[in-house]
Amino acid sequence: MPFFLPLLLLAPQAYDPEIEAVMNRKRKEKAQAAASAPAAPATSPQASDGRIPVPDKYAAKFQACLDQAIESPEKGAAFAQQWRIEGGSFYARNCMGFAYARAERWAPAIISFEQGAEEAERNGEMVQSGRLWAQAGNAALASGDAAKARDDFDAALARGLPDGVEKGEVHLDRARALVALNDGKGARQSLDVALDQVPQDPLAWLLSATLARRSGEMKLAQAHIARAVQLSPDDASVALEEGNIAILTDQEDVARYAWQRAAKLAPDAPAGKAAADNLTRLPASKAAP
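Calculation rules
- Residues numbered from 1 in each chain as written.
- Predicted model: local features only at pLDDT ≥ 70, side-chain atom pairs only at ≥ 80, totals over all residues.
- Heavy atoms only, no water.
- Salt bridge = Lys/Arg side-chain N within 4 Å of Asp/Glu carboxyl O.
- Helix = DSSP H or I, 4+ residues; strand = E, 2+ residues; numbered from the N terminus.
- Buried < 20%, exposed > 50% of the residue type's maximum accessible area, 1.4 Å probe, protein only.
- Contact = heavy atoms within 4.5 Å.
- Core = buried A, V, L, I, M, F, W, Y, C linked by side-chain atoms within 4.5 Å.

Engineer: Looking at this structure, I do not really get the pattern of salt bridges. What am I missing?
Structural biologist: When their charged atoms lie close together, side chains carrying opposite charge are able to pair. Applying the stated rule across the entire model yields 16 salt bridges. One salt bridge in this structure joins aspartate 154 and arginine 174, with 2.6 Å as the shortest N-O distance. Of this pair, aspartate 154 sits in helix H7 (residues 146-158) while arginine 174 sits in helix H8 (residues 165-180), placing them 20 residues apart in sequence. Since its relative accessible area comes to 31%, aspartate 154 is described here as partly exposed. Across the pair aspartate 192 and arginine 188 runs a salt bridge whose closest N-O atoms are separated by 3.2 Å. Separated by four residues within a single helix, aspartate 192 and arginine 188 lie in helix H9 (residues 184-197), roughly one turn from each other.

Right, here's the structure in full:
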């Protein structure tokens with residue numbers, strides 16, 4: 001093992017620094033955008049992007065509620081509350097959760113999504129319930145409550161989400177929560193499902209590579225980071241992890257190139273800064289390109 005191995009690879013952490021930027025972006029984007037797309041047609045059993053299909057009876061009000069929340073989270077929450085009283089069912093609670101997420105008020109967002117999930121289940125809408133549990137889990141993850149997020153993702157999966165993007169994304173998010181809880185075995189199980197269900201998601205390959213590296217499974221780490229690079233060559237977090245894995249497998253030149261790329265792609269972001277710091281740890285004679 002090279003004597004200049006970056007300290008960030010040695011310290012035990014809930015989240016590795018090299019993926020912290022991705023984690024923050026992913027969890028907040030998913031929580032805030034959970035309901036942001038226009039309503040899917042009522043005739044569609046599921047939308048390809050995972051959004052909740054809304055019957056014609058609720059579609060217009062649902063879209064109006066989303067528009068209000070985008071304009072002003074406070075207006076959106078008020079609209080959703082009034083609509084709920086008037087019979088908006090769990091769609092109103094979904095919009096309310098979206099409005100609170102827009103304001104990064106994670107606690108009421110979680111409650112709104114969970115209440116919507118329970119109402120959907122009472123109405124016999126099990127898949128819809130699962131989707132709302134998943135949104136609650138993302139809001140919990142955004143709040144930093146990984147244990148709550150894990151429980152909500154488990155609830156989502158228990159409701160029978162269909163195979164494909166929806167199930168894969170929930171397993172990916174569940175793995176993120178388990179990584180934060182230092183449950184490597186559970187995270188690996190969920191990541192393996194996610195890789196099977198959403199093989200085009202570079203974050204799944206990045207997380208899998210990072211977990212494999214932390215577990216000492218270097219061949220797996222190399223294979224999975226190569227896939228992440230292929231899918232997302234301009235992502236600084238991916239380039240940083242590529243360098244981290246390379247330095248542990250005695251590929252100093254590959255590590256240097258990957259870290260240089262990360263630092264160039266995102267010089268002001270955590271991944272770029274970490275890569276630049278790693279470069280300073282290389283022997284002085286080899287620090288320059």
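Engineer: In this structure, what is going on with the environment of glycine 160? I would like to understand it.
Structural biologist: Assignment of secondary structure puts glycine 160 in the loop between H7 and H8. With a relative accessible area of 43%, glycine 160 lands in the partly exposed category. The spatial distance from the C-alpha of glycine 160 to the C-alpha of glutamine 128 is 9.6 Å, given a sequence separation of 32 residues.

Engineer: So what exactly am I meant to see when it comes to the environment of arginine 84 here?
Structural biologist: On the secondary structure map, arginine 84 appears in helix H3 (residues 73-85). With 12 residues separating them in the primary sequence, arginine 84 and methionine 96 have C-alpha atoms 9.1 Å apart. Arginine 84 has contacts with Ala92 and Arg93, leaving out every residue within four places of it along the chain.

Engineer: Hey, could you run me through the nonpolar core in this one?
Structural biologist: One recurring pattern in soluble globular proteins: nonpolar side chains tend to sit buried together. Core analysis: the biggest nonpolar cluster contains 40 residues, and Phe62, Trp83 and Tyr91 have the highest contact counts within it. Looking at this core, the element that brings in the most residues is helix H4 (residues 89-102), giving nine residues. Formed by 24 residues, the second largest nonpolar core is a distinct cluster that contains Leu195, Leu203, Ala204 and Leu211.

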